[in-house]
Amino acid sequence: MIPTPTPASRDLATEIHRHLLHTIGVAPSCATQTDLMQAVAQVARQQLSQRWVETQARERDSKARRVVYLSMEFLMGRTLSNALAALNLTDGATQGLALHAQKLEDVADHEPDAALGNGGLGRLAACFLDSMATVGLPSFGYGIRYEYGMFAQDIVHGSQLEYPDPWLQDGTPWEFPRAGISYPVRFGGWVEHVDGVAVWRHAGEVAAKAYDMVVPGHGTEKVSTLRLWKAVAPAHFDLGAFNTGDYARAASTKNEFENISWVLYPNDSTPAGRELRLKQEYFFVAASIQDLVQRHLDEHPSLDNLAGRVAIHLNDTHPAIGVAELMRMLCDEHGMAWAKAWAICSQTFSYTNHTLMPEALETWPVGLMQHVLPRHLEIIFRINKEFLNAAALHRPGDNAFLARLSLIDEQGERRVRMAHLSIVGSHKVNGVSALHSELLVQTIFADFASLWPDRFTNMTNGVTPRRWLAQANPGLSGLLDDTLGTGWRLDLDQLQKLKAKKDDPVFQKAFMAVKRANKVRLAEAIARSTGIRVSPDSLFDVQVKRIHEYKRQLLNLLHVVTRYQAMLANPDAPWVPRTVIFAGKAASSYVTAKSIIRLIHDVGTVINQDPRIGDKLKLVFMPNYGVSVAEVIMPGADLSEQISTAGTEASGTGNMKLALNGALTIGTDDGANIEIRHNVGDDNIFIFGLKTPEVQALKHSGYQPMRYYENTPGLKAVLDAIAGDQFSPDEPGRYRALVDSLLWGGDHYLLLADYASYVATQSQVDDLYRQPTQWCAKAISNVAGMGAFSSDRTIREYARQIWHIEPDAG
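1. Re the sheet that holds strand β21 (residues 664-667)
And then number 1: An order of β19-β18-β17-β20-β21-β22 is seen for the 6 strands of this open sheet, with the pairing classed as parallel. With partners counted over all chains shown, the strands left at the sheet margins are β19 (617-622) and β22 (686-687), one partner each.

2. Examining the pairing of strand β4 (residues 159-163)
And then number 1: Where strand β3 (residues 152-156) meets β4, 5 bridges bridge the pair, whose relative direction is antiparallel. Opposite V156, over in β4, you have S159 as the bridge partner.
And then number 2: Counting the residues between successive antiparallel strands, the hairpin from β3 to β4 contains 2 residues, one of them, H157, with a positive phi of roughly 55°.

3. Some thoughts on the packing of aromatic side chains
And then number 1: By the definition in use, this model includes 19 aromatic pairs.
And then number 2: An angle of 20° between the planes, with centres 5.8 Å apart, marks the rings of F140 and Y142 as stacked.
And then number 3: Under the relative-accessibility criterion, Y142 is labelled buried at 0%.
And then number 4: Judged by centre distance (6.4 Å) and plane angle (35°), the rings of F445 and F456 are tilted. Of this pair, F445 sits in the loop between α17 (434-442) and α18 (446-451) while F456 sits in strand β16 (residues 456-458), and the two are 11 residues apart along the sequence. The pair F445 / F456 is uniform in exposure class, with both members buried.
And then number 5: Members of the aromatic cluster, each reached through a chain of ring pairs, are F387, F445, F448, W452 and F456.
And then number 6: The lysine or arginine in question, R145, covers the ring of Y211, its NZ or CZ lying 4.1 Å from the ring centre.
And then number 7: Between R295 and the ring centre of F140, over which it is positioned, the NZ or CZ distance is 3.8 Å.

4. Here's the deal with the environment of Q56
And then number 1: With respect to the helices and strands, the residue Q56 is situated in helix α2 (residues 33-61).
And then number 2: Residues Q56 and V223, 167 residues apart in the sequence, show an inter-C-alpha distance of 8.9 Å.
And then number 3: Here Q56 is in contact with F140 and T225, once residues within four sequence places are set aside.

5. Some details on the pattern of salt bridges
And then number 1: Under the counting rule described, the total for this entry stands at 53 salt bridges.
And then number 2: The closest approach of N and O atoms between E325 and R328, which form a salt bridge, is 3.0 Å. With E325 and R328 both in helix α11 (residues 322-333) and 3 residues apart, the pair spans about one turn of that helix.
And then number 3: For E325, a relative accessible area of 0% gives the class buried.
And then number 4: Where D447 meets R404, a salt bridge forms, and the shortest distance between an N and an O atom there is 2.6 Å. Here D447 is found in helix α18, whereas its partner R404 is found in helix α15 (residues 399-405), with 43 residues between them in sequence.
And then number 5: Judged by its relative accessible area of 41%, R404 falls in the partly exposed class.
And then number 6: Members of the salt-bridge network, linked through shared partners, are R178, D212, R227, D291 and R295.

6. Side note on helix α31 (residues 751-769)
And then number 1: The end-to-end C-alpha separation of α31 is 25 Å, in line with the 27 Å expected for 19 residues at 1.5 Å each.
And then number 2: Taking the largest bend as the criterion, α31 deviates by roughly 25°, centred on S757.
And then number 3: Within α31, the full set of buried residues consists of L751, L752, A753, D754, Y755, Y758, T761, Q762, V765, D766, L768 and Y769.

7. Some points on α2
And then number 1: Its 29 residues place the ends of α2 42 Å apart at the C-alpha level, agreeing with the 42 Å of an ideal helix rising 1.5 Å per residue.
And then number 2: Count one or two residues on from α2 and you reach K63, which has phi positive near 50°.

8. A word on empty space enclosed by the protein
And then number 1: Counted under the stated rule, the structure contains 5 cavities of 30 Å³ or more.
And then number 2: Computed from the structure, the largest cavity encloses a volume of approximately 160 Å³.
And then number 3: Taken together, 14 residues line the largest cavity, and the ones lying closest to its centre are M76, T79, N82, V215 and R467.
And then number 4: At the level of elements, α6 (120-135) and β8 (204-216) are the ones that each hand at least two residues to the lining of the largest cavity.
And then number 5: Top contributing element to the lining of the largest cavity by residue count: β8, with 4 residues.
And then number 6: Each residue belonging to the lining of the largest cavity can be placed in one class, and the counts come to 7 nonpolar, 3 polar and 4 charged.

9. Focus: the side chain of E325
And then number 1: Only 2.8 Å separates the side chain of E325 from the side chain of Y282, close enough to count as a polar contact.
And then number 2: Those residues in contact with E325, other than ones at most four positions away along the chain, are Y282, V285, A286, I289 and H376.

10. Considering the packing of α31 against helix α32 (residues 772-784)
Axis angle and axis distance: for two packed helices, these are the angle between their axes and the distance between the axes, and together they describe the pair.
And then number 1: Viewed as axis vectors pointing N to C, α31 and α32 meet at an angle of 110°, and their least axial separation amounts to 7 Å. With respect to their mutual orientation, α31 and α32 come out roughly perpendicular. Touching V765, L768 and Y769 of α31 are P772, Q774, W775 and K778, all from α32.
And then number 2: Here the residues of the contact of α31 with α32 are counted per class, giving 5 nonpolar, 1 polar and 1 charged.

11. Here we look at a nonpolar patch on the surface
And then number 1: On the surface, a nonpolar cluster with roughly 230 Å² of combined accessible area is contributed by V156, L161 and Y163.
And then number 2: Following the sequence through the fold, V156 ends up in strand β3.

12. A short note on the sheet that holds strand β2 (residues 139-144)
And then number 1: Spatially, the 9 strands line up as an open sheet ordered β5-β8-β9-β2-β1-β10-β11-β15-β16, and their pairing is mixed. Looking at the sheet topology across the chains shown, the edges are occupied by β5 (175-187) and β16. Going from strand to strand, the sheet's axes swing by 25° on average, the running direction of each strand aside.
And then number 2: Across 10 bridges, β5 lies against β8 in antiparallel orientation. Across the sheet, the residue bridging to P177 is Y211, located in β8.

Conventions we followed
Residues numbered from 1 in each chain as written. Predicted model: local features only at pLDDT ≥ 70, side-chain atom pairs only at ≥ 80, totals over all residues. Heavy atoms only, no water. Pairing = 2+ DSSP bridges. Helix = DSSP H or I, 4+ residues; strand = E, 2+ residues; numbered from the N terminus. Phe/Tyr/Trp six-rings, centres within 6.5 Å; stacked < 30°, edge-to-face > 60°. Buried < 20%, exposed > 50% of the residue type's maximum accessible area, 1.4 Å probe, protein only. Lys NZ or Arg CZ within 6 Å of the ring centre and 35° of its normal. Contact = heavy atoms within 4.5 Å. Salt bridge = Lys/Arg side-chain N within 4 Å of Asp/Glu carboxyl O. Expected span 1.5 Å × (residues − 1). Bend = angle between axes of the 7 residues up to and from the residue. 1 Å grid on protein atoms, 1.4 Å probe; cavity = no way out; pocket = protein on both sides within 12 Å on 5 of 7 lines; lining within 4 Å. Points joined across faces, edges and corners; volume = space filled by probe spheres on them. Nonpolar A, V, L, I, M, F, W, Y, C, P; charged D, E, K, R; others polar. Polar contact = N/O pair within 3.5 Å; in protein donor to acceptor, adjacent residues only side chain to side chain. Axes fitted to C-alpha atoms, helices over the stretch in contact; angles between N-to-C directions. Parallel < 35°, antiparallel > 145°, perpendicular 65-115°, else oblique. Patch = residues over 30% accessible without salt bridge, like charges linked within 9 Å, V, L, I, M, F, W, Y side chains within 5 Å. Areas by Shrake-Rupley, 256 points an atom, 1.4 Å probe, with all protein chains shown as cover.

Spelled out as structure tokens, the structure:
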């Protein structure tokens, strides 16, 4: 039934009608759902534009101190529903679209995800922008306007294939091209020193053109800005070559420059790919720093007070070259003395580290840096020299100490250590969970911590409840509104009041009704994307994240095969029906991760087609994982798999999103799992496996995975089945290398050591799921304990402890 329209909805319907005619160019009676999505977006865009103008005017007039957040990724997802909620237009849009016989959720589904990120790093950045706007923090996010994202994932015969993700092919209503904002970014060449002044004689130049996306705050008129840079070749091209028919040569220069903003994380297994990645990082950093310097000079007479008015934050090491770039600008472009410039620089930057794995810390060959950024390499050498001179006073004669600290790794091919540059150039360095931050100063950055113990701190990650609960799970959000009021959206600590409801049979019934409706929705999505039908009455066991060995999707799969073999051996046992759901992308050059994806499909093909199993066990892989897919999966999850080897996951945010939506976690004591356990209670989470000190001790004592294989019959049977081609009869030996990496390759992430504990804990999961009332009480307790994991809390802590800005959401 179409609801009776209110005056506000009639006004909004009139605006939709006007945009269909005058902006989209279609007759309202002929408008498609895509046309309607575009028209509703234009209505929201008008109000976002007004809020942006007003926010910028206030900040400019008050000469506000701003946060500049540099990130290679911003995984924004879809914008329409979030914008409507922030602008209080959701009800009006719902009723306005009803006049066109359309539902808002159906129309919103026609918006493509903004392909500006890939994993947790980018989604964290997007949550942070939402919270910066909501708490009233003057802020700019800076990144690249990728035309094709990382890639769109397709699965063909079980194998991942990558295709361009042309999310901009039909344009987007959410970006504001800033025609007057463009900066030159230069590469290559050489450096001359003339009368003591460095002159960079560059060999190539590209223009960085600005496109803004407005990120609205909730419960406030304030907004944040995401400024993205598009690489544009110089206006001229080789017209002579074009006119002689040599079109490829005429276009080659244009493509050489503009490919900088085509793809996120281009394959770096080739020299050309590595050079492109370095150019990408410098491109967006150089444009962003020019932009913030220009804004500062528009408001202040000099750069002397830059550190007092701007806080530049490095989201991981991708933007680390910004330290050298700011020094280049201050010294070379603005004539500032080195010591003064360094004092400003080191008080302006702060840095978030996202990994404990030394091999994941970004480094660049000195030769490549010399080729692409010769002036910056000179600056890095000077920073390093002065830093090591100072460090030598701390431990005189300890050359090994200095070698570990150096910005240049001298072993083998000389390489620039970008994490070291970030630490030396920043006044604060933070990890992203309590354990991660503790391990940073005990392991990979221990030498730096001995120099500057006060430089290191912790900022546990968080997620925005507007996206990951209010938008993703309207059923649960409505129940929370009826139970608690609507204040939890801006104060997630209010969820604690649910603890009093966890054993209330009326609330439990409503809670489980919401969960089952979400599982039905997820089952329908699985059927659409995979063709596999699953039962919403089964336990939905979910592991959705980037495919990587340390995240141990393979351990999950070992349990699936164990379960399958046990069902065949004991078919009449009272098995809890289970649907195991995977999703995630493997980097295009990551052979092992892609092999794991194929194994998931091969195992699933066998299990899903085995009539002896039926609905007792299903295994599915949902392709092309992204924000919109996650918004369907997470509300429908019963069990959240967070099973990385203890001491490897920096934090995780998927664990927070799933628990916030009422999933119970099975996980190791790793990353933010530890803090989730503290907040939801030991009885409301399934923890298994070795803890970080035990992992370290086992490796130190000489880990022998073959002993686990030989002494654990269930594990041996599983690995023998995989290696013996039970799941790949068409290609003998397909998974021999994968199994050998566990048995003979050292099992780097200790899957075999944790296997028995994991399988036993999965049995505890089954036992609890057989008791729906107790399961529901624990699921409610998980939601109730998630107040600490709001990104609003995280951003307020960053603002006060690192950026020294007092939020103002007024």
